[in-house]
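# Residue-level structural notes
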Amino acid sequence: MTRALPLALGALLPLLFAASLAIGPAGVPWGQSLAALVREDGLLTLVMREIRLPRALLAIMVGASLGLAGAAMQGYLRNPLAEPGLIGVSGSAALGAVIAIHTGLAAAFTLGLPLLALAGAAIGVALILFLAGPRGSSLTLILAGIAISALAGAFTSLALNLSPNPFAASEIVFWMMGSLDDRSMTHVWIALPFMAVGWALMLTLGRALDALTLGEDAAEALGMSLTRVRLTLVFGVAAAVGAATAVAGAIGFVGLVVPHILRPFVGARPSRLLLASAAGGAALVLAADIAVRLILPDRDLKLGVLMAIVGAPLFLHLIYKTRKEVA
Amino acid sequence: MRASRIVAVLAALLAGAAGAASASDEAPGRVVSINLCTDQLAMMLAAPGQLVSVSYLARDRRSAAMAEAARDWPVNRSRAEEIYLLEPDLVLGGTWTTPATVSMLRRLGIRVELLAPAGTFEETARQIREVGRLLGRDAAGEAMARAFEARLAAFPPVPADPPRVALYAANGLTSGRGSLADEIIRRAGFRNVADEVNLPATGRLALERLILAEPDLVVTSRTYPGQSQSEAILDHPALEAYRARTAAGAITDADWVCGLPQTLDAVERMIDLRLSLEAGG
């Protein structure tokens, strides 16, 4: 059972990646479009390399970041409800990104956008850890998350209301729901370095998260520095989720759904769940981004809407399961 | 405070009701415009002193063709309270003006006339006459509409094989049949790519469909100050690479926003652009 998982994900990811490249509103035969990616074919090559490739790459990067961040936070907080979107980390990252874009900082200084989104996400994670704490119950975690989300959402709306740009108000939808429509290679290069740092930091947490399943005292007895674990988590999550949100908006529920589905396959060990969730998140976002193009190709269906439709029922199910603790 | 406000509103209702009865026959003495398009028609057609205030948008160079001229009028922000205090006999608005403001003004007994945004030159001529009539300046309206129609008729005929153009604005929106921008490029002798993909008056055109449609010209909207994620698509590397290939581009400006005599300036510039394209290619 556990052996089959890497194989299944390893087979699924390239398939979904190819499908994401082959499917688009222009309706070019998939063989021709994939060939144009490597062989010069005029305008089709331009479309494949500059429009569809960055979109597929970003789906993988964003999905991996969100899946990994969800698994890491759930491992640290030992709570299956911890998810970057639900507890306000994506929301505060979006606030940072909105401030960067609408003050002109993003245009003046390329790294302004990811840096401010990272700062927003870091504040969000730090607040959650401070409010809910490592021993925090689901109730405090969710309540703190609601408060942080609401506050970040309010400031995002305020920043957009005050912007001199007439399109600002309509952008609230993008920052709340997320989308990968018409992103470019610029977005890939802006996000990738930050995400890579975030992934590297979170993947070092495996042993510590395993030890934490025995309790904090046991973990410290095994030589873990909880302060260092916490700092690594804050910066890892902030870098990955901040960069993901800066280029794709706030996409929720990925970090909730993926670890939940994969946990039984990895023997519930947090260290093995990390890598599995990164791959699973990439597959889920790729699949969802293909779905938004297939279901309503002309209507600009937002990725986050689809994720919420898939994820919210699962969230309800998890709350139902933990309701004794919550009540 | 509250009592005095109630008295003021009651007084307003009585005064307004009396005013409304007489206003329809004679020319309104005080006119307030609260919509960018009616602002500009009223500025051109009103008698001296008749137009009391225009909307703040009329001074915005990015959307108003007459931004300079609008400095001669006090501006309003289209809110019922300030408009009411201007004691207008007639308020000119657009059909997209906030319904709450319109119904509040009407409850206060003020005559409000709403004009739909013009989507064709025919509608533009009709609205010029309409605003002239509402202002009691029928002759001025008729003269301006005739001049508009004469200039329109004098444009060169549309070529047999028109070059293809794509209109592209923030959020990947494009304008098709029934929009003023479509009317402008069509009269200037272009064919709109939006027709080929069956898009409505305004619809989203995915960037890859735009590029694969291979238009001869991409006309983009002007970007506003304060960056926005919506406008980022106009700087997309793929679009830039495509425009570098076709070596031609144009940007819509204030003349494209409202149906006005100035709209024909935009047609004229697009005709010049088409002629230079045809000479070059």
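This section reports on the structure supplied with the text.

It is worth spelling out the state of the cysteines at this point. Residue and element names in this part refer to chain B. For the coordinates displayed, the defined rule picks out 1 disulfide over all chains. Note that Cys-37 is cross-linked by a disulfide to Cys-258, the S-S spacing being 1.9 Å. Disulfide Cys-37 to Cys-258: torsion about the S-S bond roughly -80°, handedness left-handed. A residue pair is termed long-range when its members are at least 10 positions apart, and Cys-37 in helix 2 (residues 36-45) and Cys-258 in the loop between strand 11 (249-251) and helix 11 (263-280) qualify at 221 residues.

Here the structure, examined in full by the defined rule, presents 3 aromatic pairs over all chains. Arranged with centres 4.8 Å apart and planes meeting at 90°, the rings of Phe-174 of chain A and Trp-175 of chain A form a pair that is edge-to-face. Its relative accessible area of 1% is what places Trp-175 of chain A among the buried residues. Plain terms: the ring middles of Phe-121 of chain B and Phe-148 of chain B are 6.2 Å apart, the flat faces sit at 65° to each other, and that makes the pair edge-to-face. With a gap of 27 residues between them, Phe-121 of chain B in helix 5 (residues 121-134) and Phe-148 of chain B in helix 6 (residues 138-153) connect regions that are remote in the sequence. Judged by its relative accessible area of 4%, Phe-121 of chain B falls in the buried class. With a relative accessible area of 3%, Phe-148 of chain B lands in the buried category.

Counting residues at the interface gives 25 residues for chain B, matched by 31 residues for chain A. Summing both partners gives a buried area of about 2500 Å² for chain B against chain A, and 63% of it is carried by carbon and sulfur. Summed over the shared surface of chain B and chain A, the number is 3 salt bridges. Between Arg-204 of chain B and Asp-181 of chain A there is a salt bridge whose closest N-O contact spans 3.0 Å. Across the contact surface, chain B and chain A share 6 residue pairs in polar contact (both at pLDDT 80 or more). Among the secondary structure elements, those contributing two or more residues to the side of chain B that touches chain A are helix 9 (207-212) and helix 10 (237-246) of chain B. Taken together, the residues that form the side of chain B that touches chain A break down as 12 nonpolar, 7 polar and 6 charged.

Residue position: Thr-252 of chain B is located in the loop between strand 11 and helix 11. Those residues in contact with Thr-252 of chain B that sit more than four places away from it in its chain are Val-219, Thr-220, Ser-221 and Arg-222 of chain B.

Residues and elements named next belong to chain A. Taken together, Leu-105, Phe-109, Leu-111 and Leu-115 make up a surface patch of nonpolar side chains, about 310 Å² in accessible area. Assignment of secondary structure puts Leu-111 in the loop between helix 5 (105-108) and helix 6 (112-132). Leu-111 sits in the partly exposed class, given a relative accessible area of 37%.

On to the sheet that holds strand 10 (residues 217-220) of chain B, then. All names here are of chain B. Strand order in this open sheet of 4 strands is 8-6-10-11, and the pairing throughout is parallel. Of all strands in the sheet, those with a lone pairing partner are strand 8 (191-192) and strand 11, marking the two edges. Note that strand 6 (residues 164-168) and strand 8 share 2 bridges and pair parallel. Across the sheet, Val-165 pairs through a bridge with Asn-192, a residue of strand 8. Packed on one face of the sheet, helix 7 (residues 180-187) meets strand 6 and strand 8 and runs near 155° to strand 6. Contacting strand 10 and strand 11, helix 11 runs over the sheet at an angle of about 155° to strand 10.

A separate point is the packing of helix 5 of chain B against helix 6 of chain B. Residue and element names in this part refer to chain B. Relative orientation of the contacting elements helix 5 and helix 6 amounts to 165°, with a least axis distance of 6 Å. By the criterion of interaxial angle, the relationship of helix 5 to helix 6 is roughly antiparallel. Between helix 5 and helix 6 the crossing geometry is right-handed. Counting all contacts with helix 5, which are made through Phe-121, Thr-124, Ala-125, Ile-128, Arg-129, Gly-132 and Arg-133, the residues of helix 6 involved are Asp-138, Gly-141, Glu-142, Met-144, Ala-145, Arg-146, Phe-148, Glu-149 and Leu-152.

Residues spaced three or four apart along an α-helix point in a common direction, a consequence of the helix completing one turn every 3.6 residues. Residues and elements named next belong to chain A. If you check helix 15 (residues 303-321), its first and last C-alpha atoms are 27 Å apart, about what 19 residues at 1.5 Å a residue would give, namely 27 Å. Gly-311 marks the point of greatest bend in helix 15, at about 30°, and the proline Pro-313 comes within the next four residues. All of the buried residues in helix 15 are Leu-303, Gly-304, Leu-306, Met-307, Gly-311, Leu-314, Phe-315 and Leu-318. Where the residues of helix 15 are buried, they touch helix 7 (138-162), helix 8 (172-177), helix 13 (254-262) and helix 14 (270-295).

The rules we used
Residues numbered from 1 in each chain as written. Chains lettered and ligands numbered in written order. Predicted model: local features only at pLDDT ≥ 70, side-chain atom pairs only at ≥ 80, totals over all residues. Heavy atoms only, no water. Disulfide = S-S within 2.5 Å. Helix = DSSP H or I, 4+ residues; strand = E, 2+ residues; numbered from the N terminus. Phe/Tyr/Trp six-rings, centres within 6.5 Å; stacked < 30°, edge-to-face > 60°. Buried < 20%, exposed > 50% of the residue type's maximum accessible area, 1.4 Å probe, protein only. Contact = heavy atoms within 4.5 Å. Buried area = accessible area lost by both parts, 1.4 Å probe. Salt bridge = Lys/Arg side-chain N within 4 Å of Asp/Glu carboxyl O. Polar contact = N/O pair within 3.5 Å; in protein donor to acceptor, adjacent residues only side chain to side chain. Nonpolar A, V, L, I, M, F, W, Y, C, P; charged D, E, K, R; others polar. Patch = residues over 30% accessible without salt bridge, like charges linked within 9 Å, V, L, I, M, F, W, Y side chains within 5 Å. Areas by Shrake-Rupley, 256 points an atom, 1.4 Å probe, with all protein chains shown as cover. Pairing = 2+ DSSP bridges. Axes fitted to C-alpha atoms, helices over the stretch in contact; angles between N-to-C directions. Parallel < 35°, antiparallel > 145°, perpendicular 65-115°, else oblique. Left-handed = near helix turned anticlockwise from the far one by under 90°. Expected span 1.5 Å × (residues − 1). Bend = angle between axes of the 7 residues up to and from the residue.

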